[in-house]
Each structure stands twice: as C-alpha cells, then as structure tokens.
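Residues per chain, in single letters:
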Amino acid sequence: KKNKKMEINELSVEELEKLLSQKKEEEKLNLLKRRKAYESIRAQTVNEIMGRVLSVANQVKELHHFVISETNAFREVMQDYGELKRNNQMSFRIQHGNYRIEVKSCKVKKFDERADVAASRLIDFLKKWISNREQGSEDPMYQLAMTLLERNKYGDLDYKSISKLYDLEAQFNNEEYSEIMRLFKESNVVEGTRLNFYFYEKNKLGVWNKIEPSFNML
C-alpha cells in the first residue's frame, strides 16, 4: 500500500487526471453491467411468473365455463326429477361422497344506459365545481365523488357507490347535482342475477372444508 501511495505521489497532474478518468470509466461500466444484470433478472422473473399466471388464468376461465355448463345441465336434471322447489330456482346444492357443490344466486342491482349520461354529467359538474373551490382537485368532497364513480372489474357502475352519492346531495346543495342524482335513480331499473359457486370436501373428522381456487385464500 505504501509503495502504491508513493507511485501515485510521483505521478504528474496530467497522469493523475487520466487515472481518475479511467477509474470513473471503470465505475461507469461496472454500474452498467449491474444495471443490465438487474434488468435481465427482473425481466426473467416477471416473464416467468406472468407466463404461468396467464396460463392458470385461462384455465380458470375454462373451469368457470365448464362449471356453469355442467351445473346448468344438472339443474335441468334436478328439475325433471322434481328436486327443485320451483321452476325458476337458481340456488341448489349437490353432494356425493366427500364432495359438495353449492350454487348460490344473488340479485344484483344495475343501471341502464341513462346512468352513463348521468356519470358524464356528474364529472363535468365536479370539474366546474372545483374551479370555484380553494383546494381544487384536492377537495375531499371532489375526491370522494370521483372515487364513487369508479367502475368495477366488469366496467359497470357500482350500485352501492352510486347510492352513497345520493347522501352528498345536501352537502353540494346544487340544482344541477340534484338533477343528476334523479337521473341515476331513474336509471336504476335493471336487475341482474349473479351465480356464485362454492366447493367443499369432507375431511377425516367429517367436517366440510371449503376449497378456495385462489392461492390468496390458502
């Protein structure tokens, strides 16, 4: 180390500058190598995980279609056999051995096309409203209203969220807002049905354990 220090001390200013420049270039190259290695590992990790996730997601879609098809077909058999209490019964349970499948239907309140018009008008109203507010887009009322207008994964307006917009009518205290709320209420005339499927397996103790086809539920 001492000899190396003596050698550096013997270098001229030009030689020191050249040595420093080389050192910086080496550090730059090492940094680029590390970055490329990191980006390569990142790409490999993302591609491998997403490749398998997309594959499983497609299998789950196929499974969903299969379950719907099979349970609908068996529902007709149950109806012919007299196992259903009424013809329009959608919820039922089928069981064999250690396995049980439950099909449960639930009513889902939806909106018709007038709700899209109301949502568009409400966004325009809110933009004008914040232009006269000191906090602008940071105003909690504006942020809450915009959040409630977010659509679900099916691209539909959420009935419960829109219902909360009705509660803000007194706070906005505006004729335009009230008219938009009336339009939302008028559009709430469509009622859909959603089917949920539940799967169970009986363990050695005779207890029914729910099988969740999602690793987040494991």
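Definitions and limits used
Residues numbered from 1 in each chain as written. Predicted model: local features only at pLDDT ≥ 70, side-chain atom pairs only at ≥ 80, totals over all residues. Heavy atoms only, no water. Phe/Tyr/Trp six-rings, centres within 6.5 Å; stacked < 30°, edge-to-face > 60°. Helix = DSSP H or I, 4+ residues; strand = E, 2+ residues; numbered from the N terminus. Buried < 20%, exposed > 50% of the residue type's maximum accessible area, 1.4 Å probe, protein only. Expected span 1.5 Å × (residues − 1). Arc of directions from axis to C-beta. Contact = heavy atoms within 4.5 Å. Core = buried A, V, L, I, M, F, W, Y, C linked by side-chain atoms within 4.5 Å. Patch = residues over 30% accessible without salt bridge, like charges linked within 9 Å, V, L, I, M, F, W, Y side chains within 5 Å. Areas by Shrake-Rupley, 256 points an atom, 1.4 Å probe, with all protein chains shown as cover. Salt bridge = Lys/Arg side-chain N within 4 Å of Asp/Glu carboxyl O. Pairing = 2+ DSSP bridges. Polar contact = N/O pair within 3.5 Å; in protein donor to acceptor, adjacent residues only side chain to side chain.

## Some remarks on the packing of aromatic side chains
No. 1: Scanning all chains against the criterion turns up six aromatic pairs.
No. 2: Judged by centre distance (5.7 Å) and plane angle (55°), the ring pair of F125 and Y177 falls under tilted. Of this pair, F125 sits in helix 3 (residues 114-131) while Y177 sits in helix 7 (residues 175-187), and the two are 52 residues apart along the sequence.
No. 3: Residue F125 is classed as buried on the basis of its relative accessible area, which comes to 9%.
No. 4: By relative accessible area, which is 0% here, Y177 ends up buried.
No. 5: For the ring pair F172 and Y177, a centre distance of 4.4 Å and an interplane angle of 25° mean the geometry is stacked.

## Observations concerning helix 3
No. 1: Taking 1.5 Å per residue as the helical rise, helix 3 with its 18 residues ought to reach 26 Å, and the 26 Å between its terminal C-alpha atoms agrees with that figure.
No. 2: When we look at burial in helix 3, the residues that qualify are A115, A118, A119, L122, F125, L126, W129 and I130. The arc that holds every buried residue of helix 3, seen down its axis, measures 125°, which confines them to one face. For helix 3, the exposed residues set more than 90 degrees away from the buried face come down to K127, K128 and S131.
No. 3: Along its buried surface, helix 3 packs onto helix 4 (140-148), helix 5 (159-166), helix 6 (169-172) and helix 7.

## Here's the deal with the nonpolar core
No. 1: Core analysis: the biggest nonpolar cluster contains 25 residues, and L122, L165 and F184 have the highest contact counts within it.
No. 2: Sorting the residues of this core by element identifies helix 3, helix 4, helix 5 and helix 7 as the ones contributing at least two each.
No. 3: For this core, the element with the highest residue contribution is helix 3, accounting for eight residues.
No. 4: The residues touching L165, leaving out its near neighbours within four places in the chain, are L122, A145, L148, L149, Y177, M181 and F184.

## Some thoughts on a nonpolar patch on the surface
No. 1: A contiguous nonpolar patch, built from V46, I49, M50, V53 and L54 and spanning about 420 Å² of accessible area, is present on the exposed surface.
No. 2: When you line up the elements, L54 lands in helix 2 (residues 13-81).

## Details of unusual backbone geometry
For residues besides glycine, phi is generally negative; the peptide bonds are generally trans as well.
No. 1: Its identity is not glycine, yet N173 carries a phi of approximately 50°, on the positive side.
No. 2: Position of N173 among the secondary structure elements: in the loop between helix 6 and helix 7.
No. 3: For N173, a relative accessible area of 66% puts it in the exposed group.

## What about the pairing of strand 1 (residues 92-96)?
No. 1: Bridge count between strand 1 and strand 2 (residues 99-110): five bridges; the pairing is antiparallel. Among the inter-strand pairings, H96 is bridged to a residue of strand 2, identified as Y99.
No. 2: The turn linking strand 1 back onto strand 2 is made up of two residues, and G97 within it adopts a positive phi angle of 60°.

## Re the side chain of Q89
No. 1: Tracing the chain through its elements places Q89 in the loop between helix 2 and strand 1.
No. 2: Judged by relative accessible area, Q89 falls into the buried class, the value being 11%.
No. 3: A polar atom in the side chain of Q89 sits 2.9 Å from the backbone nitrogen of K85.
No. 4: A polar contact is formed between the side chain of Q89 and the backbone oxygen of S91, at a distance of 2.7 Å.
No. 5: Ignoring sequence-local partners within four residues, the contact set of Q89 consists of R75 and L84.

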